[in-house]
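Listed below are the residues making up each chain.
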Amino acid sequence: MEGLSLPKDFLWGFATASYQIEGAPHEDGRGDSIWDTYCRIPGKIADGSSGDVACDSYHRTAEDIALLKECGARAYRFSISWSRVIPLGGRNDPVNEKGLQYYVKLVDDLIAAGIEPMITLYHWDCPAELDKRYGSMLNKEEFVKDYANFARVMFKAMGSKVKYWITFNEPWCSSILGYSTGLFAPGHTSDRTKSPVGDSSREPWIVGHTLLLCHGTAVKIYREEFKAKDGGQIGITLNGDWAEPWDPEDPADVEACDRKIEFAISWFGDPVYFGKYPDSMRKQLGDRLPEFTEEEAALVKGSNDFYGMNHYCANYIKHKESEPDPEDFTGNLEILMENKAGESIGPETQSVWLRPNGPGFRKLLKWLSDRYGNPTMYVTENGTSIKGENDLPMEGILNDEFRAQYFRDYIKALAQARCLDGVDVMGYMAWSLMDNFEWAEGYITRFGVTYVDYEGGQKRYPKKSAKVVKEIFESLIQKE
Ligand code: PNW
């Protein structure tokens, strides 16, 4: 990484999410989330598993913190299980002091260990009761108030200690995977072979709108009631892949690349920075995409103190000649792994959607920085699975050179974006601190820099990549 460096106060570490690591689904009064109920539906999770035990982090925060120290992390991004803190979820429902104290102690212990906590308020585990009561995110009037109450409970409990708040992790996934493809909880889709309810032509756009209003409302609360005394920052984390044209000579493919990123990222990014949805989305979706009232637009516009970026891979994009399908959420295009010349965008991994392509990370950082006026950015997730990793013996899993190379390529791309392209990226959280419950793929797919032995009492063993990430940052970060 010759000639590249990162500033002294660059924040780096690892990320996890509550449902993926905690286990203890009924302990100390925790209520069900939509992932608890979803996992109970036969056929939804590839290996028939659930997050009931996962990494058992509810009982092992001391081990997790020791692991973070060993990995050299400066920061730890984790999320709050809303139904641990407010088991039924609503604004008039009781707060579960024991559940709340789990997170207060985690934050205290992290700080005592010299590790900066970065909190995601919502990483997909919506209290199941809110879905039952009123359809959760499909009902913006109710859901915004309940989310706002939850956010305020958290700001009050630990605002003086936590300097980085993320309102939502990847609203695209909540909306599209939860309400269009039906791959994630609550599993709505128009495909009646998969779900008895859902309308993929409308619901994802309604859900996205609700999430934006929740974000705007939480940020307003934080800024009005907490920011001055607590001095922290708040933002939303958006996910999206880089897009390369299938045929670089075809202007329609080149244009489709921007449209792809707009449908994935600017769907949320444009309202947060400009107070409106992208024109490309309005054009294709018409009145199926909700309109912002003036008041809503004002609430959402300017609501990021920083840009939270989750990024994993790149795709080739080919435009379509046909009229867009009402269920289309991509921007009416084809997403391909090979270009016109038959070149692969990157090697296969265990995740069908994930093909590593380091240079694409640099390009997307620049694309986002240009579009949103050079905001301060924190990469809040980046990492990879490895094809067949789970079938290897333990020694093979620990020697994860493929993942180590991924991190070399991607962190180099980040340093280039910062040093050569002027992107103000100030943090990086690798996904993930440890192998964990990979949603619909269960435990088959591993993303950790630490091996978790699910048969051996959830014991943790750092892989090669943990050491490599540490070495990369130690060599890149300026000493003076
Ligand atoms: C992210 N896709 O999810 C999540 O934030 C993590 O919880 C998750 O474990 C990690 O990435 C790895 O999957 C994604 O289908 C899930 O494009 C699916 C997609 C993207 C991100």
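Further up the page is the structure itself.
Every value quoted in this text rests on a predicted model; they were computed, and no experiment measured them.

Enquirer: How do you make sense of the overall build of the protein when you look at a structure like this?
Expert: Within the protein one finds 17 helices and 13 strands. Overall size of the protein, expressed as C-alpha extent along the three principal axes, is 55 × 55 × 50 Å. Within the protein, the fraction of its 480 residues that count as buried is 62%. Of all intrachain contacts in the protein linking residues separated by at least 6 positions in sequence, the fraction that spans at least 24 positions is 76%. Of the roughly 17,900 Å² of accessible surface on the protein, 51% is carried by carbon and sulfur atoms.

Enquirer: When you look at the site of the ligand in this model, what are you seeing that I'm missing?
Expert: By nearness alone, 14 residues border the ligand, and Gln20, His123, Glu381, Glu438 and Trp439 come closest of all. Measuring from an oxygen atom of the ligand, one finds a side-chain N or O atom of Glu381 at 2.8 Å. At a separation of 2.9 Å, an oxygen atom of the ligand approaches a polar side-chain atom of Trp439. When the ligand is considered free in solution it has 450 Å² of accessible area, and contact with the protein chains removes 92% of it. When its residues are assigned to classes, the shell around the ligand shows 7 nonpolar, 4 polar and 3 charged.

Enquirer: How do you make sense of the side chain of Asn382 when you look at a structure like this?
Expert: With respect to the helices, strands and loops of the structure, Asn382 is situated in the loop between β10 (377-381) and α15 (394-398). Of note is the side chain of Asn382, whose polar atom sits 2.6 Å from the side chain of Tyr428. Among residues more than four places away in sequence, those in contact with Asn382 are His311, Tyr312, Tyr406, Phe407, Tyr410, Tyr428, Met429, Ala430 and Trp431.

Enquirer: It is not clear to me how the packing of helix α8 (residues 171-179) against helix α9 (residues 203-225) should be interpreted in this structure. Could you clarify?
Expert: Between two packed helices, what matters for the description is the angle formed by their axes and the separation of those axes. Direction vectors running N to C along α8 and α9 enclose 155°, while the axes themselves pass 9 Å from each other. Here α9 runs roughly antiparallel to α8, going by the angle between their axes. Crossing handedness for the pair α8 and α9: right-handed. Packed against α8, whose contacting residues are Pro171, Ser174, Ser175, Ile176 and Tyr179, the element α9 presents Glu203, Pro204, Trp205, Val207, Gly208 and Leu211 at the interface. Of the residues belonging to the contact of α8 with α9, the class tally is 7 nonpolar, 3 polar and 1 charged.

Enquirer: Looking at this structure, I do not really get the sheet that holds strand β7 (residues 306-310). What am I missing?
Expert: Strands in a sheet are paired, the pairing made by backbone hydrogen bonds, and the direction either parallel or antiparallel. Strands sit in the order β1-β2-β3-β4-β5-β7-β10-β11 around a closed barrel of 8 strands; the barrel is parallel. Sheet twist, expressed as the average angle between the axes of neighbouring strands with direction ignored, equals 25°. Bridge analysis of strand β4 (residues 164-169) against strand β5 (residues 233-239) gives 4 bridges, and the strand direction is parallel. Bridging from a neighbouring strand, Trp165 pairs with Ile234 of β5. Sheet strands in contact with helix α11 (residues 251-274) are β5 and β7, and its direction is about 155° off that of β5.

Enquirer: Would you mind going over the sheet that holds strand β9 (residues 333-336) with me for this structure?
Expert: Read across the sheet, 3 strands follow the order β6-β8-β9 without closing on themselves; strand pairing throughout is mixed. Since the sheet does not close on itself, it has two edges, and those belong to β6 (242-245) and β9, each with one partner. Here the strands of the sheet are splayed against their neighbours by 40° on average, with no regard to which way each runs. In the packing of α11 onto the sheet, the strands contacted are β6, β8 (314-319) and β9, and the crossing angle to β8 comes to about 125°.

Enquirer: Looking at this structure, I do not really get helix α7 (residues 140-158). What am I missing?
Expert: Residue pairs spaced three or four apart in an α-helix point in one direction, given the helix's 3.6 residues per turn. With 19 residues, α7 should cover 27 Å at 1.5 Å per step; its first-to-last C-alpha distance of 27 Å lies within 8% of that length. Residues of α7 that are buried include every one of Phe143, Val144, Asp146, Tyr147, Ala148, Phe150, Ala151, Val153, Met154, Phe155 and Met158, and no others.

Enquirer: What's the story with the nonpolar core in this structure? I'm lost.
Expert: The nonpolar side chains of soluble globular proteins are, as a tendency, buried together. Membership of the largest hydrophobic core comes to 158 residues, with the highest contact counts inside it found for Phe14, Trp35, Phe143, Tyr147, Trp165, Leu365 and Tyr428. The residues contacting Phe143, other than those within four sequence positions of it, are Trp82, Cys126, Leu130, Tyr134, Ser136, Met137, Thr210, Leu211 and Cys214.

Enquirer: Explanation requested: unusual backbone geometry in the structure shown.
Expert: Backbone geometry follows two general trends: most residues other than glycine have a negative phi, and most peptide bonds adopt the trans configuration. Here the amide bond leading from Ala185 into Pro186 is cis, since omega sits at 5°, within 30 degrees of zero. Assignment of secondary structure puts Pro186 in the loop between α8 and α9. A positive phi is found at Trp124, a non-glycine position, where the angle reads about 85°. Position of Trp124 relative to the elements: it lies in the loop between β3 (116-122) and α6 (128-134). Within the chain, Asn374 stands out as a residue other than glycine whose phi angle is a positive 55°. Residue classification places Asn374 among the partly exposed positions, given a relative accessible area of 40%.

Enquirer: How should the environment of Phe184 be read in this particular structure?
Expert: Summarising the element assignment, Phe184 is placed in the loop between α8 and α9. Here Phe184 falls in the buried class, since its relative accessible area comes to 11%. Remark: the alpha-carbon pair of Phe184 and Met1, spanning 183 residues in sequence, is separated by 38 Å. Ignoring anything within four residues of it in the chain, the contact list for Phe184 reads Trp35, Tyr38, Trp124, Leu177, Gly178, Trp439 and Ala440.

Enquirer: Could you clarify how one ought to interpret the side chain of Gln416 in this entry?
Expert: Mapped onto the fold, Gln416 is located in helix α16 (residues 401-421). Exposure remark for Gln416: the relative accessible area of 18% places this residue in the buried category.

Enquirer: Even after reading the chapter, I still don't get the pairing of strand β1 (residues 11-15), so can you show me in this structure?
Expert: The side chains of a regular strand alternate, first on one face of the sheet and then on the other. Of all 5 residues in β1, 5 are buried, a share of seventy percent or more. The pairing of β1 with strand β11 (residues 425-431) spans 5 bridges and is classified as parallel. The residue of β11 that forms the bridge with Gly13 is Met429. Sheet topology places β1 next to strand β2 (residues 75-79); 3 bridges connect them, and they run parallel. Of the residues in β2, the one forming a bridge with Gly13 is Ala75.

The rules we used
- Residues numbered from 1 in each chain as written.
- Predicted model: local features only at pLDDT ≥ 70, side-chain atom pairs only at ≥ 80, totals over all residues.
- Heavy atoms only, no water.
- Helix = DSSP H or I, 4+ residues; strand = E, 2+ residues; numbered from the N terminus.
- Buried < 20%, exposed > 50% of the residue type's maximum accessible area, 1.4 Å probe, protein only.
- Contact = heavy atoms within 4.5 Å.
- Areas by Shrake-Rupley, 256 points an atom, 1.4 Å probe, with all protein chains shown as cover.
- Near = heavy atom within 4 Å.
- Polar contact = N/O pair within 3.5 Å; in protein donor to acceptor, adjacent residues only side chain to side chain.
- Nonpolar A, V, L, I, M, F, W, Y, C, P; charged D, E, K, R; others polar.
- Axes fitted to C-alpha atoms, helices over the stretch in contact; angles between N-to-C directions.
- Parallel < 35°, antiparallel > 145°, perpendicular 65-115°, else oblique.
- Left-handed = near helix turned anticlockwise from the far one by under 90°.
- Pairing = 2+ DSSP bridges.
- Expected span 1.5 Å × (residues − 1).
- Core = buried A, V, L, I, M, F, W, Y, C linked by side-chain atoms within 4.5 Å.

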